[in-house]
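For reference, the chains in residue letters:
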Amino acid sequence: MTKSNESSDKESTTSASEYAGSISDIVKAGEAAALQLDNRGPVRYDANGEIHKDILRAYSQYGFYVFTNLIADAEIEDLRTEMNSVLARAPVGPDSELDAKGNTAIGMDFAQNPFQFAKPLSDPFGGTDALQGRYEVKLAEPEAAADAPDYTVVLVKANPQLMDSCLRLYGHPDLLSIVEAVIGPDFAPFCNNTFVKEPGLGAAVSWHQDGTTHWDNPDLDEDTHGFNLMINLYQSNGSNGVWVVPGTHKKGKLDLKAMVRDAGTERLPGAVPLLCDAGDVIINNRQLIHGSFANTSPDRRVSIGIGFFPNKSVLNVTTERHADGELGTYTAERIRERSRIIQVAIDARQQKYPHERRFSYMPFVGEEDQNRWNDNTRKNVVRDYYLLDMSI
């Protein structure tokens, strides 16, 4: 059970349409400000085949970068098709194992239920002690339409075991080249989840910084807690998307309650939305203040999030495990076993796209044959891989 702050018990008195109208000017101003930043464009490489330094400079300055048109249309369509199939076969609610047709829901045979639900337009974690208390403030919870379902899917966890298209995405050479350029060739993977914001239903995710373990580390730098890549299957805008406060990834652990109190509003000064079209990819620093508001818009957002850490940030760290909250130590053996899925994903991608450049993942160079994509690795590497996930 989580401890809620006082505002979590208050009844919402604002309808979804009223809320949408009240923020329209804020959304427009935020979108305009976001487009003024010099941190978006296609992925570019220098003469040596490395990610261009201008991209790395802009990412370092703002804490995020928008790579436009990175994922091909055909691949986006494959991802949409599989994702929609999975969502159609999801349980009808958090306490059910049946889908809307009365059949056993997909994923019920995995070690953990891959679906996370929330009440429509709610802020389920804001002001609670969930996930080590990182969601310090409660965001607005407009009243959903009278015909809204009791629950809506907000997160699909461990995508690659549900969707082969997501496994192949994990091995995309441009994505992995970006990761390598930012945190080095021995990077370690974190979670691989899909964030779902259905129109008129999608829940809020309160302002937070993702890092939890290293804030007092004397060696803390802007990359210590890693980053997430967000692959967007639909357009993301100021109404349905994530908002960030640029540059806050360099300021250490910030007091979000005080920031909201001083601002006099949940809309933090200087915040901008992450704007993108289908096929765009965002790199978002985990130390950056970010969050998203209840989706009262008519626009759907589905974003695949893939997390990565510097190897040095997780090696031999003891903390709460992401899968179950129990204490665990990220030994070199655990990190290596968790990282195998990337090499398997690279091979799965090569089988689908044999003429595409193949990424070379340093920890498994010379061991490619032991990490081919086949029935054996589906069972022994991909299935329930997330039980090895790390969280810092």
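Owing to the predicted nature of the structure, the values given are computational and were not obtained by experimental measurement. Every chain's residues receive numbers from 1 upward, in the order its sequence appears when written. For this predicted model, a pLDDT threshold of at least 70 governs which residues receive local features, and a threshold of 80 or more governs which side-chain atom pairs are given and counted, while totals over whole chains, interfaces and linings are taken from all residues. Side-chain measures here rest on the full set of heavy atoms in the structure, leaving out hydrogens and waters.

Caption draft 1: Spatial organisation of the overall build of the chain. Within the chain, the secondary structure is distributed over 11 helices and 14 strands. When its C-alpha atoms are laid out on the principal axes, the chain stretches across 60 × 50 × 40 Å. Working definition of accessibility: Shrake-Rupley area with a 1.4 Å probe, residue cover restricted to the visible protein chains. Counting every atom, the chain has about 16900 Å² of accessible surface; 49% of that belongs to carbon and sulfur. Positive charge is attributed to Lys and Arg, negative charge to Asp and Glu, and no charge count is given to His or to the chain ends. Working definition for charges: the position is that of NZ of Lys, CZ of Arg, CG of Asp or CD of Glu. When the 39 positive and 56 negative side-chain charges of the chain are each reduced to one mean point, those points stand 2 Å apart. Secondary structure elements are defined from DSSP: runs of H or I of at least 4 residues count as helices, runs of E of at least 2 residues count as strands, and each element is numbered from the N terminus.

Caption draft 2: Examining helix 10 (residues 332-352) more closely. A helix is expected to reach a length of 1.5 Å times the quantity of its residues less one. Its 21 residues give helix 10 an end-to-end C-alpha distance of 31 Å, which sits within 8% of 30 Å, the value for a rise of 1.5 Å per residue. Bending of helix 10 peaks at approximately 25° at the position of R338. Bend is the name given here to the angle between axes fitted to two runs of seven residues, the run ending at a residue and the run starting at it.

Caption draft 3: Region of the structure containing the environment of A20. In this fold, A20 is placed in helix 1 (residues 16-36). Buried means the residue's accessible area, taken with a 1.4 Å probe over protein chains only, is under 20% of the maximum for its type, while exposed means over 50%, and partly exposed covers the values in between. For A20, a relative accessible area of 28% puts it in the partly exposed group. When the C-alpha atoms of A20 and T296 are compared, they prove to be 5.9 Å apart, with 276 residues separating the residues in sequence.

Caption draft 4: Region of the structure containing the pattern of salt bridges. We define a salt bridge as a side-chain nitrogen of Lys or Arg found within 4 Å of a carboxyl oxygen belonging to Asp or Glu. Taken as a whole, this structure holds 19 salt bridges when the rule is applied. Here K138 and E141 are joined by a salt bridge, their closest N and O atoms 3.7 Å apart. K138 sits in the buried class, given a relative accessible area of 17%. For the salt bridge of D262 with R261, the shortest nitrogen-to-oxygen distance reads 3.9 Å.

Caption draft 5: Examining the state of the cysteines more closely. Disulfides are defined as pairs of cysteine sulfur atoms found within 2.5 Å of each other. Taken as a whole, this structure holds zero disulfides when the rule is applied. Of all cysteine sulfurs, the one in C191 lies closest to C166, which takes part in no disulfide; the gap is 13 Å. Its sulfur unpaired, C276 is 16 Å from the next cysteine sulfur, which belongs to C166.

Caption draft 6: Inspection of the sheet that holds strand 10 (residues 281-285) at higher detail. Strands were regarded as paired on the criterion that DSSP finds at least two bridges between them. A sheet is described by the order of its strands in space; here eight strands give the open sequence 1-2-10-7-12-5-4-3, paired in mixed fashion. The open sheet terminates on both sides in strands that have one partner only, identified here as strand 1 (40-41) and strand 3 (115-118). Relative to strand 12 (residues 301-309), strand 7 (residues 227-232) is paired through six bridges, and the arrangement is antiparallel. By the bridge assignment, M230 is partnered in strand 12 with G305. Along the sheet, helix 7 (residues 173-183) contacts strand 2 (64-67), strand 7, strand 10 and strand 12; its crossing angle with strand 7, the most-contacted strand, is approximately 160°. Contact between two residues is taken to exist if any of their heavy atoms lie within 4.5 Å; hydrogens are not considered. Whenever a helix is involved, its axis is fitted only over the stretch in contact; in every case the axis is a line through C-alpha atoms, and angles between N-to-C directions fall within 0 to 180 degrees.

Caption draft 7: Up close: unusual backbone geometry. The backbone of N69 sits at a positive phi, close to 55°, despite the residue not being glycine. Turning to its location among the elements, N69 is positioned in the loop between strand 2 and helix 3 (73-88). With relative accessibility at 63%, the residue N69 sits in the exposed group. Its identity is not glycine, yet A158 carries a phi of approximately 60°, on the positive side. Structurally, A158 is set in the loop between strand 4 (152-156) and helix 5 (159-162).

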